[in-house]
Number of protein chains: 2
Amino acid sequence: MKVACNGKDLCDAVTRVIKAVPARSTNAVLEGIKLTADDGTLTLTATDIELSIEHMIVAEVAERGETVVPGKLFGDFVKKLSSQTIVLTANGSRLKIDYERSEGEFGCYTADQYPEVNRIEDTQHFEMRNADLKDLVNKVAFSVCTDDTHAALKGVLLEVSSADVTAVSTDGYRLSKCVKPIIATTASTSFTVPVRAIMEISRLLSDGDDTVKLYMHKNFLMVRVDATTVTTRLIDGTFVNYRQIIPQHFDTQVYIPKTLFDDAIDRAVLMSRSDKNNYLVRFDITQSNMTVSSHSEAGNVEENLPIKTDGADISISFNARYFSEFLNCMNCDTIVLNLTNATSVCVVSPVGDREDYIYLVLPVRSA
Amino acid sequence: MKVACNGKDLCDAVTRVIKAVPARSTNAVLEGIKLTADDGTLTLTATDIELSIEHMIVAEVAERGETVVPGKLFGDFVKKLSSQTIVLTANGSRLKIDYERSEGEFGCYTADQYPEVNRIEDTQHFEMRNADLKDLVNKVAFSVCTDDTHAALKGVLLEVSSADVTAVSTDGYRLSKCVKPIIATTASTSFTVPVRAIMEISRLLSDGDDTVKLYMHKNFLMVRVDATTVTTRLIDGTFVNYRQIIPQHFDTQVYIPKTLFDDAIDRAVLMSRSDKNNYLVRFDITQSNMTVSSHSEAGNVEENLPIKTDGADISISFNARYFSEFLNCMNCDTIVLNLTNATSVCVVSPVGDREDYIYLVLPVRSA
């Protein structure tokens with residue numbers, strides 16, 4: 001392999017694909033980035049087996065070929081080169097890198113040691129607006145299960161119908177559900193995408209009115225944006241039947257100013273973090289006031305928020321972090337809590353957005 | 001103690017003093033911040049015994065007194081309050097904090113458990129321009145010894161004479177020396193300031209033409225800038241006799257473009273970091289070219305820099321990090337290396353700045 005390319009392009013390409021390089025792997029070759037020179041292009045590929053990212057740049061190819069360079073070292077080295085022309089020459093287990101009057105040389109792996117990255121046929125796909133997909137990911141990714149014992153919940157369920165896509169995530173204690181319109185789909189389908197992959201896809205997307213196509217094939221999902229391709233293995237196993245969990249009727253609705261709620265929860269998280277009570281926060285709700293209180297050995301906090309309540313007074317306790325993570329993702333003036341009693345699930349939404357997004361939280365039985 | 005103050009002022013005060021709070025201490029009260037309400041002011045004090053920082057804000061004092069709050073928790077809590085009025089009420093081992101319609105409460109220590117912060121008499125002092133002190137600290141702090149077995153070298157030696165101050169630091173392998181003019185002094189003196197303290201003092205200083213007075217009393221140094229006072233214990237023990245280390249005669253001078261040198265060293269650090277050779281970089285110097293090369297198991301780098309040499313060709317090896325740290329602090333176009341042979345100390349300076357600043361580095365005997 002011998003190829004000349006622009007240093008800035010190469011640096012940009014490394015930055016994009018390196019996110020798929022596993023920090024540590026028992027298989028050292030996976031800590032590498034594969035370089036493939038072919039037909040006027042240089043393609044960089046990184047994968048942790050589950051997630052793959054490819055990025056293609058324009059290059060002057062003197063000799064086709066491929067090699068695998070140590071990802072982190074190559075990335076750090078390339079970042080230190082300015083936008084001059086760089087010539088990469090692979091020769092067995094060495095890669096030579098020439099720039100200006102100087103040269104570097106890396107030990108590398110041969111490409112046949114690198115795993116095959118799954119290619120997806122251009123078959124099933126659905127299309128939606130970038131902004132809708134980004135908002136969807138923002139609103140559900142935070143409540144994905146992080147526990148290895150529930151592998152089927154370590155991603156976001158996407159249910160694609162003819163008109164919209166429903167995204168759901170849950171860790172067993174809370175659940176987010178967000179519905180967004182789609183532009184078109186070749187089929188109604190549902191599958192679970194690993195949370196890391198869907199977040200990488202979301203980061204790729206530009207703002208504005210662009211749209212994105214998500215391709216599905218066997219147990220893979222693929223998205224191509226400009227010169228970057230992200231492919232991910234889907235999660236096996238059955239997602240929980242979330243529909244039967246979501247209550248349809250509530251006794252009390254509580255309307256809370258979002259900013260004040262956010263500040264009060266932040267301070268409750270601080271005060272309760274040292275405690276064995278595990279971030280316990282208590283809401284005492286009357287017709288026009290909600291007291292948000294938290295107690296620990298370090299100290300106590302008691303905040304009074306002006307609210308509007310439809311229904312009976314109620315006292316209920318939660319894990320404060322579950323609210324803090326939810327509020328961080330919201331961009332609205334008012335939050336509504338839908339409650340039944342101190343032991344039933346609470347359904348939270350941004351006001352005026354009910355159909356689009358709901359967040360369920362289980363209360364904590366306080367001592 | 002009962003005192004009302006502005007939330008933003010309080011938050012700013014905590015941010016300033018918390019730098020003196022030790023991250024971990026066997027004496028838990030040192031992880032606190034002392035609050036002292038007196039005569040229309042609230043003073044916050046933090047200390048790790050060696051370094052103390054005090055900051056005073058305007059306050060409405062309803063009842064004088066003092067207490068010690070948990071530093072990190074109080075700081076995080078106050079940061080979450082907006083610029084409203086905050087009322088602090090200490091009562092035995094509790095501090096109540098009222099804001100808007102809400103309140104928090106912390107467990108705290110009584111002030112008599114907190115160490116006495118040393119007060120300095122307004123006696124000996126010297127005065128210099130802020131810009132000179134900041135530049136001085138920037139140019140010598142990086143080469144201070146970090147090794148506990150050389151306690152006397154864990155700071156910056158300041159030698160104050162009638163016209164200027166000489167700052168010196170060394171870790172045994174390299175030495176920085178910087179001379180700056182002073183405006184006035186009450187005495188010629190010399191002492192060693194812990195590096196953390198002198199860096200905190202430097203950070204306090206505004207840019208521009210302001211000047212700063214440094215007060216010395218017994219084994220303490222004190223600086224007051226606006227409402228903030230930094231006091232530090234000085235380092236006992238004798239600093240090395242650095243004058244006899246600095247060679248006065250050299251055989252070869254090498255003039256190197258700073259930016260190219262910096263980039264080459266950066267890449268040499270990257271390539272050599274994985275190696276048992278400990279960041280070894282080799283300079284092969286001829287009349288108009290310097291080859292900067294580094295070799296490790298991970299790979300090799302060989303950079304050619306256009307230089308100008310006065311004197312004989314020479315090859316010499318160094319720890320690349322010693323150059324990278326030095327170059328990070330320099331703001332100039334050209335660096336000059338003064339060399340004698342491959343085993344003698346190298347004296348480096350920014351060109352045109354020779355009298356003001358020199359940096360000595362010991363070479364490494366390469367294999």
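Scroll up to find the structure.
Only a predicted model underlies this, so the values are computations on that prediction, with no experimental measurement involved.

Chemist: Looking at this structure, I do not really get the packing of aromatic side chains. What am I missing?
Modeler: Remark: the centre distance and the inter-plane angle together describe each pair of aromatic rings, the angle taken between the planes. Residue and element names in this part refer to chain A. In the structure shown here, the tally under the stated rule is 24 aromatic pairs over all chains. A centroid spacing of 6.0 Å and a plane angle of 70° characterise the contact between Phe-77 and Tyr-99, whose relative ring orientation is edge-to-face. Of this pair, Phe-77 sits in helix H2 (residues 71–79) while Tyr-99 is found in strand S8 (residues 94–99), placing the two residues 22 residues apart along the sequence. The pair formed by Phe-77 and Tyr-99 is uniform in burial state, with each residue classed as buried.

Chemist: In this structure, what is going on with the environment of Asp-98 of chain B? I would like to understand it.
Modeler: All names here are of chain B. Relative to the helices and strands, Asp-98 is located in strand S8 (residues 94–99). Along the backbone, Asp-98 and Thr-85 are 13 residues apart, and their C-alpha atoms lie at a distance of 8.5 Å. Here Asp-98 is in contact with Thr-85, Ile-86, Val-87 and Glu-103, once residues within four sequence places are set aside.

Chemist: Quick question: what am I supposed to make of the sheet that holds strand S25 (residues 314–319) of chain B here?
Modeler: Either a parallel or an antiparallel arrangement is found when strands of a sheet pair, and the pairing is made through backbone hydrogen bonds. Pairing in this open sheet of nine strands is antiparallel, and the strands run S5(A)-S1(A)-S7(A)-S8(A)-S9(A)-S23(B)-S22(B)-S21(B)-S25(B) from one edge to the other. Edge strands, defined here as strands with exactly one partner in the open sheet, are strand S5 (60–63) of chain A together with S25 of chain B. This sheet shows a mean twist of 15° between the axes of neighbouring strands, independent of strand direction. Where strand S22 (residues 289–295) of chain B and strand S23 (residues 299–306) of chain B come together, seven bridges link them in antiparallel fashion. Its bridge partner lying in S23 of chain B, Ser-294 of chain B is registered against Val-301 of chain B. Where helix H6 (residues 320–329) of chain B meets the sheet, it contacts strand S21 (280–285) and S25 of chain B, and its direction lies at approximately 80° from that of S25 of chain B.

Chemist: Looking at this structure, I do not really get unusual backbone geometry. What am I missing?
Modeler: Note: most peptide bonds trans; most residues except glycine with negative phi. Not every positive phi belongs to a glycine, and Tyr-279 of chain A is a case in point at roughly 60°. Summarising the element assignment, Tyr-279 of chain A is placed in the loop between helix H5 (258–272) and strand S21 (280–285). The class for Tyr-279 of chain A is buried, based on a relative accessible area of 18%. We note that Lys-218 of chain B has phi near 50°; this positive angle belongs to a residue other than glycine. Secondary-structure assignment places Lys-218 of chain B in the loop between strand S17 (211–217) and strand S18 (220–225).

So, how was this worked out
- Residues numbered from 1 in each chain as written.
- Chains lettered and ligands numbered in written order.
- Predicted model: local features only at pLDDT ≥ 70, side-chain atom pairs only at ≥ 80, totals over all residues.
- Heavy atoms only, no water.
- Phe/Tyr/Trp six-rings, centres within 6.5 Å; stacked < 30°, edge-to-face > 60°.
- Helix = DSSP H or I, 4+ residues; strand = E, 2+ residues; numbered from the N terminus.
- Buried < 20%, exposed > 50% of the residue type's maximum accessible area, 1.4 Å probe, protein only.
- Contact = heavy atoms within 4.5 Å.
- Pairing = 2+ DSSP bridges.
- Axes fitted to C-alpha atoms, helices over the stretch in contact; angles between N-to-C directions.

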